[in-house]
Amino acid sequence: MIDRASERDAMVERQLMRRKITDRRVLDAMRAVPREVFVAPGMEEFAYEDGPLPIGHGQTISQPYIVALMIEAAAVRHRDAVLEIGAGSGYAAAVMAQIGATVIAIERHEPLAKEARDKIARAGISNVDIQIGDGTLGWPDAAPFDAIVVAAGGPSVPEALKAQLKVGGRMVIPVGGSGTGQSLLKITRTGDDTWDEQELGAVRFVPLVGAQGWAQDGRQSASNHVPGQSSGKSLPQMVAEVAEPLPDIDDPSFGQFFDRYADKQVVLLGEASHGTSEFYRARAAITRHLVEHHGFNIVAVEADWPDAAAVNRYVTHQPVRDGGDPPFSRFPTWMWRNAVVEGFVEWLRSHNAQVSDPDARAGFYGLDIYNMSGSIAAVLAYLDEVDPEAARIARERYSCLTPWQSDPATYGRAVLSQSYHDCEPQVVEQLRTLLERQLAYEAKDGSRFLDAAQNARLVRSAEQYYRVMYYGGAESWNLRDTHMFETLEHLLEARGPDAKALVWAHNSHIGDARATEMGAVRDQLNIGQLARERFGDAAALIGFGTHSGTVAAATDWNGEMEIKRVRPSREDSYERLCHDAGHPQFLLDLHADPALRKRLEVQRLERFIGVIYRPETELQSHYAEASLPRQFDAFVWFDETQAVTPLGPEHRRASMPETYPFGV
Ligand code: SAH
């Protein structure tokens, strides 16, 4: 027997309460109404998923959260007279009736209306009257209403519906033409001739088709008041006014726009994809400026520690070491082996050449955990030099992981299927013994000890990471981001009171997770969130975004790099707002204007392209709900962007040492 009640409880807890639905009536009603009755036959198993579902005739049953949001906003109460337009499956009407309201719900598709009646009866709900017709005209016979909920999006708010609200009555309705996206509005009737309007957020509904909605062909049937246009500036206009147009990235004044972050201890620079040249170039320009003029001395990037360590030796003029794989040979190679990173590395090396105190040079470090075998090799190489007996014991401990070094992802499966003991005790023990001898080892060479200790920490984290990866869920993500953040903390600590760090990582690691679906619904945290919790105002979180262009990405994990076209941003996204603001590139300081901040806080879609880009399923694969001003302190915009140029073997340079990071 499938336990629908606990599925419902989980839905209410995860999808509604975590997204700040607080109205007890709504939460209780949604715990009670059997949503599985209202979905199309055969779709019951998906009834409690976090999204809309098809119900036939090209229509959908709304996402549970949207149903809750609308009913909460309409403040539906026991004994209220409620009108719903767009009964669809009848689910939202059933929830409102469960609260105790008397509901008239209009549906224009006759077969849907009949099915809805049937479903309402099967769910054991009374007090719902489903009518067939055009809801844009309302239901004058039963007017006025305490609340009107419209579940389809029109070009404007139908006058007929406004007139059928009681004074004090509330209407919730999605409105918006093609080209601007829809926005959910709450209209409150404040007097005989007065209505108040409030915007609740960007939404996607099927079209409201009728006399005061869209015509069948999608054109506007009636010309009504279009909200937003009468009430002052549009959101893109407000963005345009606050946005500070940026000069060319190569212009020396580019970095000066970021002087406002000079006093921060950590400045985190995001990116909306792992394959966009402008994001790398801008981060390099900002970093150069802050290193040169404001004493930043740590550049910590979303790359593997042992690989970045080779770059660090190069840029800080330490002797290069032979042996091992060339750095950044692991998929996705273009992320760090690209023309912009190469140029930045050369710059950092020449900058450091002018710093006479080796301890004052700016370092380049990797925060990520994927190169477990590289880290194991580095710990062993270190101990071979400083403590051969300890190296022998370490070799034995790490041999537990030997079978999996070339493909650590299979390790988790082996442990899970209990065909293999996990190696946790050994790797934890190895880290412990290394740290125990810190004083003795550090006396020989402090920076080399830091490197070795970090590698031993990485092996410990990676062992856990690959083991929990097989359970899915938030745990492996959280482990990785916690490791990355702790690595940053170790770096700051090792540098002492003058430490100031720049972090380069994807927006999904940098933007405060609590302001996005990943934190609110999926229990994921990230570096940005941890940085705010630890450093407060001494951390600046800066996101990056683009409208369209090209990007370097693969179609599948471990696949070939391709240059793909980035689709123009969706109408209901933050990206489209920035695009519509009209400047080709700008810095948007999200603390600059409280009115803009408030309007931008309402959640919208935001695009996340990683090393994989699948334009065919872009909405599902790459967009997520977020609140931009809560996620970031500033947003850097490049309307049109180009793919990064990867470094191939042809980039081997004769003048470079054999082990130069990109020389292989
Ligand atoms: N509240 C519904 C969601 C239905 S989707 C649920 O919980 O399942 C929106 C519905 O609005 C569709 O079924 C569509 O046919 C209907 N619709 C669109 N325009 C309409 C109009 N003018 N009058 C009545 N129904 C309309």
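Residues numbered from 1 in each chain as written. Predicted model: local features only at pLDDT ≥ 70, side-chain atom pairs only at ≥ 80, totals over all residues. Heavy atoms only, no water.

A closer look at the side chain of K186
Right, so step 1: Summarising the element assignment, K186 is placed in strand β8 (residues 182-189).
Right, so step 2: Comment: no salt bridge for buried K186; closest opposite-charge side chain is D196, at 8.2 Å.
Right, so step 3: Looking at K186, its side chain comes within polar contact range of the main-chain oxygen of A73, at 3.0 Å.
Right, so step 4: Excluding anything up to four places from it in sequence, K186 contacts A73, R170, M171, D196, E197, Q198 and L200. (Helix = DSSP H or I, 4+ residues; strand = E, 2+ residues; numbered from the N terminus. Buried < 20%, exposed > 50% of the residue type's maximum accessible area, 1.4 Å probe, protein only. Lys, Arg positive; Asp, Glu negative; His and termini not counted. Salt bridge = Lys/Arg side-chain N within 4 Å of Asp/Glu carboxyl O. Polar contact = N/O pair within 3.5 Å; in protein donor to acceptor, adjacent residues only side chain to side chain. Contact = heavy atoms within 4.5 Å.)

Considering the domain arrangement of the protein
Right, so step 1: Structurally, the protein comprises domain 1 (66-231) and domain 2 (233-296 + 500-646).
Right, so step 2: Its C-alpha centre places domain 1 at a distance of 36 Å from the equivalent point of domain 2.
Right, so step 3: The interface of domain 1 with domain 2 comprises ten residues on the first partner and eleven residues on the second.
Right, so step 4: Buried area between domain 1 and domain 2, summed over both chains or domains, comes out near 810 Å², and the portion from carbon and sulfur atoms is 40%.
Right, so step 5: One can count two salt bridges joining domain 1 with domain 2.
Right, so step 6: One salt bridge connects D572 with R204, and the closest N-O pair in it is separated by 3.1 Å.
Right, so step 7: Inspection of the domain 1/domain 2 interface yields two residue pairs in polar contact (both at pLDDT 80 or more). (Domains from an automatic or database assignment. Buried area = accessible area lost by both parts, 1.4 Å probe.)

A few points about the pattern of salt bridges
Right, so step 1: If you walk through the whole model with that rule in mind, you get 45 salt bridges.
Right, so step 2: Here D304 ties to R330 by a salt bridge, and the two come within 2.8 Å at their closest N and O atoms. One end of the pair, D304, is in strand β12 (residues 298-304); the other, R330, is in the loop between α9 (305-315) and α10 (339-353), and 26 residues separate them in sequence.
Right, so step 3: Residue E396 is joined to R392 by a salt bridge in which the shortest nitrogen-to-oxygen separation is 3.8 Å. Taken together, the residues span about one helical turn, with E396 and R392 both in helix α12 (residues 388-398) at a distance of four residues.
Right, so step 4: Under the relative-accessibility criterion, R392 is labelled partly exposed at 45%.
Right, so step 5: Salt bridges here are not isolated pairs; linked through shared partners, they connect D512, R514, R532, E533 and D633.

What to know about the site of the ligand
Right, so step 1: Around the ligand, a shell composed of 27 residues is seen, among which E84, S89, E107, G135 and V209 lie nearest.
Right, so step 2: E107 has a polar side-chain atom sitting 2.6 Å from an oxygen atom of the ligand.
Right, so step 3: V209 places a main-chain nitrogen or oxygen 2.6 Å from a nitrogen atom of the ligand.
Right, so step 4: For the ligand, the accessible surface in isolation is 570 Å², of which the surrounding protein chains cover 99%.
Right, so step 5: Those elements giving two or more residues to the shell around the ligand turn out to be β2 (59-61), β3 (81-85), α4 (91-99) and β4 (102-107).
Right, so step 6: Taken together, the residues of the shell around the ligand sort by class into 13 nonpolar, ten polar and four charged. (Near = heavy atom within 4 Å. Areas by Shrake-Rupley, 256 points an atom, 1.4 Å probe, with all protein chains shown as cover. Nonpolar A, V, L, I, M, F, W, Y, C, P; charged D, E, K, R; others polar.)

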